[in-house]
Amino acid sequence: MRGRSGILTASWLVLLTAVQVLAFVVVWRFAVGTEHGQLLDTIALTGNSIGQQRIEGIVGGVLNAVSLLSLLVATAVIGFIALIRVRITLAVVTVLLIAGSNFTTQILKHFIERPDFDVDEAREAAGNSLPSGHTTVAASVAIALVMVLPPRVRGWGALVGAGYAAAAGVATLSAGWHRPSDAVTALLVVGAWASAASLVLLLTQRETAQVEAADGNRRVTSVLAIVGLALLLVAAIALGWTDGVRSTPIPEFDRHQLLVAYGGSAAGIAGTAALMTALVLVALHRVVPRHTGRGAVPAEDEPDGP
């Protein structure tokens, strides 16, 4: 890290980590710790019955692809990609990102208590399900892959990764495995780990590193940010509308009301995935630079970067 730009980037990453941790706490305390939040979550989850049979095969395929074996294989592949680019620090940090995100999710799931407000009697015995383990696996692998990819394909990787993380999060809702807040908080866990990992890479960067502005993937970052914010706006509108009718007993909700709650929650999960990925991309070209300033080595195979 050098000069004013390095300090600004480090400050951005610290702020981003703190904001995502704070957002996690806010969602957790509202969605789990209040009757109001539990009710909104339950209404949205109840809406997953609409058209469930039509998408059951797709949902099952997405969720079946997320397993411990797939996580181990993906982690090995990601580490290998970093190593063949001779980026040892990057390999170590991305593996720690995946491991740390998933370990954090499992610890939080175990220790967070879910008060019983008699809101969701069908799942009362299941206890707490926040954050979603499947969503954490998918998102952590997607973000780690984006971080190790060369700049020329990083943008495409970010689009695919955001889509994969969003699909996994929505699939857990569609299958009835998780509430909307479970998927959203899982994405925030991964986002916080990603920004913290980026800070470590920045702080361990060689002084000779040279950042190329062209590697910033600005178009992809802008697309993901705009799509993410638009989807979150849709989610906010749907949430506000559902909140206005929450006094209606859930068994009396009609198809339209359930569809709005479910669709809005799905939009919120997808929007969070897109925005989180965009925020990772903002400073990634500075965190993982193409060049280290020793010009004799080809750009894509530069061995001395993080």
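Residues numbered from 1 in each chain as written. Predicted model: local features only at pLDDT ≥ 70, side-chain atom pairs only at ≥ 80, totals over all residues. Heavy atoms only, no water.

A few points about the overall build of the protein chain
Counted only if it meets this: For helices the rule is a DSSP run of H or I covering at least 4 residues; for strands it is a run of E covering at least 2, with both sets numbered from the N terminus onward. The quantity called the radius of gyration is restricted to C-alpha atoms. Its globule counterpart is 2.2 Å times the number of residues to the power 0.38. Under the scheme applied here, a residue whose accessible area is under 20% of the maximum for its type counts as buried, over 50% as exposed, and between as partly exposed, the area being computed with a 1.4 Å probe on protein chains only. Contacts are assigned to residue pairs with any non-hydrogen atoms lying within 4.5 Å of each other. For the charge count, each Lys or Arg is scored as positive and each Asp or Glu as negative, with His and the chain ends excluded. In plain terms, the charge of a residue is placed at NZ if it is Lys, CZ if Arg, CG if Asp and CD if Glu.
A count of helices and strands for the protein chain gives 11 helices and 0 strands. Counting from the amino terminus, helix and strand elements in the protein chain follow one another as α-α-α-α-α-α-α-α-α-α-α. What you see for the protein chain is a C-alpha radius of gyration of 20 Å, in line with the 19 Å of a compact globule of 306 residues. Taken over the C-alpha atoms alone, the protein chain extends approximately 70 × 40 × 35 Å along its principal axes. Looking at the protein chain as a whole, 51% of its 306 residues qualify as buried. Taking all contacts inside the protein chain whose residues are at least 6 apart in sequence as the whole, residues at least 24 apart take part in 84%. Averaging the coordinates of the 20 positive side-chain charges in the protein chain and doing the same for the 20 negative ones gives two points 13 Å apart.

Here's the deal with the pattern of salt bridges
Rules: Any carboxyl oxygen of Asp or Glu that lies within 4 Å of a side-chain nitrogen of Lys or Arg is treated as forming a salt bridge with it.
Tallying each qualifying case throughout the model produces 3 salt bridges. The partner of D120 in a salt bridge is R123, with the nearest N and O atoms 3.1 Å apart. Residue classification places D120 among the buried residues on the basis of a relative accessible area of 11%. Here the salt bridges share partners, and the residues they tie into one network are D120, R123 and R179.

Overview of helix α2 (residues 35–46)
So the rule is basically this: Helix span, expected: 1.5 Å multiplied by one less than the number of residues in the helix.
The end-to-end C-alpha distance of α2, which contains 12 residues, comes to 16 Å, matching closely the 16 Å that a straight helix rising 1.5 Å per residue would cover. Judged by how many residues are buried, α2 sits mostly within the fold: 9 of 12 residues are covered. Of the surrounding elements, those touching the buried residues of α2 are α1 (3–31), α7 (151–174), α8 (180–203), α9 (218–244) and α10 (255–282).

Comments concerning the nonpolar core
The tendency in soluble globular proteins is for nonpolar side chains to be buried as a group. Cut-off, in case you're wondering: We define a nonpolar core as any set of buried Ala, Val, Leu, Ile, Met, Phe, Trp, Tyr and Cys residues linked to one another through side-chain atoms lying within 4.5 Å.
Within the largest apolar cluster, 59 residues are counted, with the highest numbers of intra-cluster contacts made by I143 and L224. In terms of residues, this core owes the most to one element, α8, which gives 11 residues. In this structure I143 touches L97, V190, A194, M276, T277 and V280, once residues within four positions along its chain are discounted. Judged by nonpolar contacts, the second largest core, of 10 residues, contains A44, F253, L258 and A261.

What to know about the environment of F103
Along the polypeptide, F103 turns up in helix α5 (residues 88–111). A relative accessible area of 57% means that F103 is categorised as exposed. For the pair formed by F103 and T136, sequence separation is 33 residues and the distance between their alpha carbons is 9.6 Å.

Focus: unusual backbone geometry
Omega for the bond connecting L130 with P131 falls within 30 degrees of zero, at -5 degrees, which places this linkage in the cis form. Structurally, P131 can be placed in the loop between α5 and α6 (133–148). The backbone of V86 sits at a positive phi, close to 55 degrees, despite the residue not being glycine. Relative to the helices and strands, V86 resides in the loop between α4 (68–84) and α5. With a phi close to 50 degrees, N217 is a non-glycine residue in the positive phi region. Take N217: it is sitting in the loop between α8 and α9. On the basis of relative accessibility, which here comes to 17%, the residue N217 falls in the buried class.

Concerning the packing of α5 against α8
Quick note on the threshold: Helix axes are fitted only over the stretch in contact, all axes being lines through C-alpha atoms; the angle between N-to-C directions runs from 0 to 180 degrees. To sort the angles, those under 35 degrees are grouped as roughly parallel, those over 145 as roughly antiparallel, those from 65 to 115 as roughly perpendicular, and the leftovers as oblique. By definition, any crossing whose near helix is turned counterclockwise from its far helix by less than a right angle is left-handed, and any crossing with a clockwise turn is right-handed. Following the grouping adopted for this structure description, the nonpolar residues are Ala, Val, Leu, Ile, Met, Phe, Trp, Tyr, Cys and Pro, the charged ones are Asp, Glu, Lys and Arg, and the polar ones are all others, Gly among them.
Their axes nearest at 9 Å, the elements α5 and α8 cross at an angle of 150 degrees. As summarised for this structure, α5 and α8 are arranged roughly antiparallel, according to the angle between their axes. Read as a crossing pair, α5 and α8 show a hand that is right-handed. Where α5 abuts α8, its residues T89, L90, V93, L96, L97, G100, S101, T104, T105 and L108 lie against V189, V190, W193, A194, A197, V200 and L201. Among the residues making up the contact of α5 with α8, the classes are represented as 12 nonpolar, 5 polar and no charged.

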